[in-house]
Amino acid sequence: MKRVLNIVVLSIIMSMFLSGCMNIKERILDDIQLATAAAYEYIDEDKIEVTAVFPNFQPDKSVKNETLVASSILSKEIRDKHSLQSEKPLVSGKLEVTLYEKKTAERGIKDLLDTLQRDPSVGSNVYLAVIDGSPRELLSKQYGNMDNGIFLSNLIEQNIESGLIHKTNLHQFLYKYYAEGIDPMLPIIGRKDGKINLKAIGLFDNDKMVDHIEEKEYFYLKILLNRKGENDTHAIQLDGNTKVSIFNIRSKRKYQIPKPMTNNEIIIQVKIKSMIREYNDGILTKQKLKELEQAMEEDIKKNSEEMIKKFQEKKIDPLGVGEEVRTRTRKWNKEKWEEIYPDIKISVQVTMDIIESGIIE
Amino acid sequence: MEKKELQVSPFLVFFIIHAVQVGVGVLGFQRVIMKSAGNDAWMVVIAAGMLVSFIIWLMYVLLNRHQKDIVQIHKELFGKWVGGVISLIWIIYWLLIGIVTLRNYLEIVEVWMFPTINMYMFTLIFTILVYYCVTGGFRVVTGLSFLGVCIPFYLFFTFFFPVEFAHFRNLLPIWNHSIKDLTISIKDMILGFLGFSTLLMYYPYIKHPKKSQKWAQLGNLLTVVIYLFILIITIGFFSEGQVSKQIWATLSLWKIVEMPFVERFEYIGITSWVLIILPNICFSVWAATKGIQKIFNLKPKKVLLVLLSILFCTSVAIQSRGEIALLSKIMSLIGLCLVFVYIPLLTLISFFISKMRRGKLEKSS
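Please read these numbers as outputs of a predicted model, since none were measured by experiment. (Residues numbered from 1 in each chain as written. Chains lettered and ligands numbered in written order. Predicted model: local features only at pLDDT ≥ 70, side-chain atom pairs only at ≥ 80, totals over all residues.)

1. Topic: the overall build of chain B
Looking only at helices and strands, chain B has 16 helices and 0 strands in total. Since a compact globule built from 365 residues should have a radius of gyration of about 21 Å, the 21 Å found for chain B is in line with a globular shape. Referenced to the eigenvectors of the C-alpha coordinate spread, the extents of chain B come out at roughly 75 × 50 × 35 Å. Taking as baseline every contact in chain B between residues at least 6 positions apart, the subset at least 24 positions apart corresponds to 86%. (Helix = DSSP H or I, 4+ residues; strand = E, 2+ residues; numbered from the N terminus. Rg over C-alpha atoms; globule rule 2.2 N^0.38 Å. Contact = placed C-beta atoms within 7 Å.)

2. Comments concerning the pairing of strand β12 (residues 233–237) of chain A
Along any regular strand the residues' side chains alternate between the sheet's two faces. Residue and element names in this part refer to chain A. Bridging between β12 and strand β13 (residues 243–256) involves 5 bridges; their strand directions are antiparallel. Residue T233 lies in a different strand from β13, and its bridge partner there is F247. The hairpin turn running from β12 into β13, its antiparallel successor, is 5 residues long, and G240 in that turn takes a positive phi close to 90°. (Pairing = 2+ DSSP bridges.)

3. With respect to the pairing of strand β8 (residues 185–192) of chain A
Residues and elements named next belong to chain A. In this structure, strand β7 (residues 127–131) lies alongside β8, joined through 2 bridges in parallel fashion. Pairing of I131 across the sheet is with I189, part of β8. Sheet analysis places β8 next to strand β9 (residues 195–205), joined by 8 bridges and oriented antiparallel. Bridging across to β9, I188 finds its partner in A200. Counted between consecutive antiparallel strands, the loop separating β8 from β9 contains 2 residues, among which D193 sits at a positive phi close to 50°.

4. A closer look at the confidence of the model for chain B
All names here are of chain B. Of all residues in chain B, 100% attain a pLDDT of 70 or more, and the chain-wide mean is 89. Element-level mean pLDDT values for chain B span from 87 in helix α16 (residues 321–364) up to 93 in helix α10 (residues 213–237). Two numbers describe this predicted complex: its pTM, 0.90, and its ipTM, 0.87. (pLDDT = per-residue confidence, 0-100.)

5. Remarks on the sheet that holds strand β6 (residues 97–101) of chain A
All names here are of chain A. Strand order in the open sheet formed by 8 strands is β4-β3-β2-β6-β7-β8-β9-β10, and the pairing between neighbours is mixed. At either end of the open sheet lies a strand with only one pairing partner, and these are β4 (63–72) and β10 (208–214). Averaged over all neighbouring strand pairs, the angle between strand axes comes to 30°, with direction disregarded. When β6 meets β7, the two strands line up parallel, connected through 5 bridges. Note on β7: the bridge partner recorded for E101 is I131. (Axes fitted to C-alpha atoms, helices over the stretch in contact; angles between N-to-C directions.)

6. Observations concerning the packing of helix α5 (residues 80–113) of chain B against α16 of chain B
All names here are of chain B. Taken N-terminus to C-terminus, the directions of α5 and α16 make an angle of 145°; their axes are 10 Å apart at the nearest point. In the packing of α5 onto α16, the handedness of the crossing is left-handed. Only R321, I324, L327, S328, M331, I334, G335 and L338 of α16 make contact with α5, whose side of the interface consists of W90, Y93, L96, I97, V100, R103, N104 and E107. (Left-handed = near helix turned anticlockwise from the far one by under 90°.)

7. Topic: the packing of α5 of chain B against helix α14 (residues 274–296) of chain B
Residue and element names in this part refer to chain B. Close contact between α5 and α14 brings their axes to 9 Å; oriented N to C, the two are set at 160°. In terms of axis orientation, α5 runs roughly antiparallel to α14. The hand of the α5/α14 crossing is left-handed. Judged by residue contacts, G84, S87, W90, I91, W94, L95, I97, G98, T101, L102 and Y105 of α5 engage I277, N280, I281, S284, V285, A287, A288, G291, I292 and I295 from α14. Grouping the constituent residues of the contact of α5 with α14 by class yields 14 nonpolar, 7 polar and no charged. (Parallel < 35°, antiparallel > 145°, perpendicular 65-115°, else oblique. Nonpolar A, V, L, I, M, F, W, Y, C, P; charged D, E, K, R; others polar.)

8. Looking at the interface of chain B and chain A
Each partner contributes to the interface: chain B provides 25 residues, whereas chain A provides 21 residues. Every element with two or more residues in the side of chain B that touches chain A is listed here: α5, α6 (119–135) and α11 (240–243) of chain B. No other element matches the 3 residues that α6 of chain B contributes to the side of chain B that touches chain A.

9. Let's talk about the nonpolar core
Ranked by size, the top nonpolar core spans 191 residues in total, and within it A129 of chain A together with C282 and V285 of chain B carry the most contacts. Among the elements that take part in this core, α5 of chain B stands out by supplying 14 residues, more than any other. (Core = buried A, V, L, I, M, F, W, Y, C linked by C-beta atoms within 7 Å. Buried ≥ 20, exposed ≤ 12 C-beta atoms within 10 Å, placed from the backbone.)

10. Topic: helix α2 (residues 75–85) of chain A
Residues and elements named next belong to chain A. Regarding α2, the residues found buried are S75, I78, R79 and H82. In an axial view of α2, the angular spread of the buried residues amounts to 105°, which keeps them on one side of the axis. Where α2 is buried, its residues touch β3 (48–57), β4, β5 (90–91) and α4 (110–118). (Arc of directions from axis to C-beta.)

Written as structure tokens, this is what we have:
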């Protein structure tokens with residue numbers, strides 16, 4: 001008798017737990033709208049317009065890109081407004097890319113980042129990018145057989161993996177935003193002849209975009225940014241008609257800071273082991289290889305020093321020179337560093353080794 | 001000493017000590033200790049671990065002399081009334097550990113996973129689970145702590161994912177902070193180690209207890225290693241300004257983990273963490289139950305029911321993050337005093353009293 005009673009009590013308790021008593025909100029995948037991209041634009045002093053992108057799965061297995069546009073004072077508020085236009089509730093758990101209109105990025109994106117940091121459902125792998133042009137227009141077009149969130153995320157990911165642009169995501173942006181002695185960068189996306197392309201890399205001073213570098217400078221930026229690099233490609237034209245394109249097999253970057261936190265020279269040493277991808281001037285002799293190496297070294301040195309000069313003039317530090325100094329000094333003082341940074345002589349020393357030249361001579 | 005069949009092997013002390021030390025603290029200790037120690041915080045972990053190791057040694061000195069649990073030691077040294085009151089303070093402290101751990105965990109579930117979760121139900125399930133485990137007796141709780149260490153261990157491998165983005169130069173320059181800053185941090189860090197004091201209660205349940213000290217120290221070492229591992233990855237992965245914003249930096253580390261079959265790892269991580277929390281709560285509740293039972297000679301099941309209803313009511317009554325923080329603060333203050341002031345004191349007192357009594361005995365004979 002007691003056993004029966006036990007079982008009855010247990011089953012009542014169990015059914016209590018299993019039924020909705022826990023009050024956990026169920027989210028069934030078919031009943032929600034997974035936003036994959038969100039683009040922000042300030043339309044006046046404190047109102048923002050957000051374009052949300054979500055996939056619409058068609059019966060014939062193709063995916064249609066759909067967008068919703070709404071504006072309000074805060075991003076989460078806008079999500080509710082989006083839901084008012086949508087058949088299913090919009091959720092941010094699958095967010096892949098967030099985009100900021102160029103003028104918005106120049107104004108500062110600090111306020112727009114809070115929603116990404118505070119919301120536990122947004123991952124750190126979200127890509128951030130700046131958009132050149134109207135987000136509403138750019139995102140409403142279909143670019144592939146997928147929605148634009150996945151398309152843009154694949155576009156950025158593919159280019160990071162193949163080494164064309166630097167590693168970037170929400171975490172990296174926030175790391176550099178909060179860190180002392182390094183400033184964030186984000187890729188700039190634009191439209192050209194109806195196609196999307198990564199046209200430049202935007203340079204930020206804290207949360208404001210102040211400058212950008214063009215596609216031809218990506219290489220210099222990349223080999224100077226990371227301690228170890230690979231996969232970068234670069235092409236130069238020597239005087240005359242000699243053109244050569246190389247592929248970086250592995251590169252090492254090292255800082256030499258003899259006297260940190262002073263005006264003394266900072267030397268960045270870069271050692272590159274590379275391979276020739278394309279060459280147009282006949283047979284490659286040892287003599288010619290030497291010449292090529294030298295020409296490359298000079299080109300990299302000249303251009304990257306120019307690039308650093310430009311950074312110093314703008315008082316930004318996307319390469320993280322400040323971070324290198326900070327980890328080498330005990331008396332780190334952010335204000336003092338910012339004061340002396342523009343006047344420090346930063347020089348680049350390059351050692352280029354061409355170790356392979358493809359499968360023909 | 002307890003009956004042979006109730007006792008456990010000395011090597012299990014390794015799991016018990018480790019299971020009781022690692023709780024919700026691991027999920028968010030970085031912000032607190034890096035506030036004043038910055039990138040030197042890893043030294044703080046080692047220093048705190050050494051201090052705890054010293055206290056464990058002291059406990060063994062005390063317990064080895066008496067071969068009894070702390071309630072009986074109090075009775076022997078201070079008499080029935082004074083001893084009882086002091087024992088009661090310890091019991092409240094242990095119960096507080098249980099409450100704080102449970103409530104902190106519930107908060108994590110609420111904030112990270114289910115904002116609308118029904119707290120009453122969830123707490124009730126947890127309390128029933130604890131009741132079920134603790135009524136099984138000490139051996140069951142020990143078995144639980146063994147599983148609670150072994151099964152969730154795979155979680156620590158997931159912390160290799162953030163290494164890809166880590167800037168380990170952040171660890172430099174070493175000795176960037178003053179001794180004063182480090183000392184403040186050590187005080188905060190020790191909270192992550194508290195809970196090992198339940199050893200005072202389960203000592204009689206260990207076979208050849210004198211041999212178990214080695215295992216207790218090793219358990220403490222494993223805790224230090226885990227804290228150190230997570231902290232070093234945190235220092236590399238986050239910049240200092242970023243850590244100061246993360247309430248649960250360890251969980252934020254998981255945000256970067258992305259696997260083909262799971263988009264967000266936190267959900268798996270937080271759910272697995274139950275296995276780490278459960279032995280933690282069970283041990284503190286078990287120790288409190290055993291203590292009350294020994295002082296008042298009551299039936300353990302009734303005591304347990306009363307304690308669990310206190311546990312349930314308090315964790316439901318606490319509402320906001322501010323209140324949770326306050327309770328944690330009170331708990332840690334009591335813990336610090338009891339473990340780092342009272343235990344050395346008690347060891348000294350016990351030493352002198354036994355010497356005096358022996359002196360008297362020799363005189364009278």
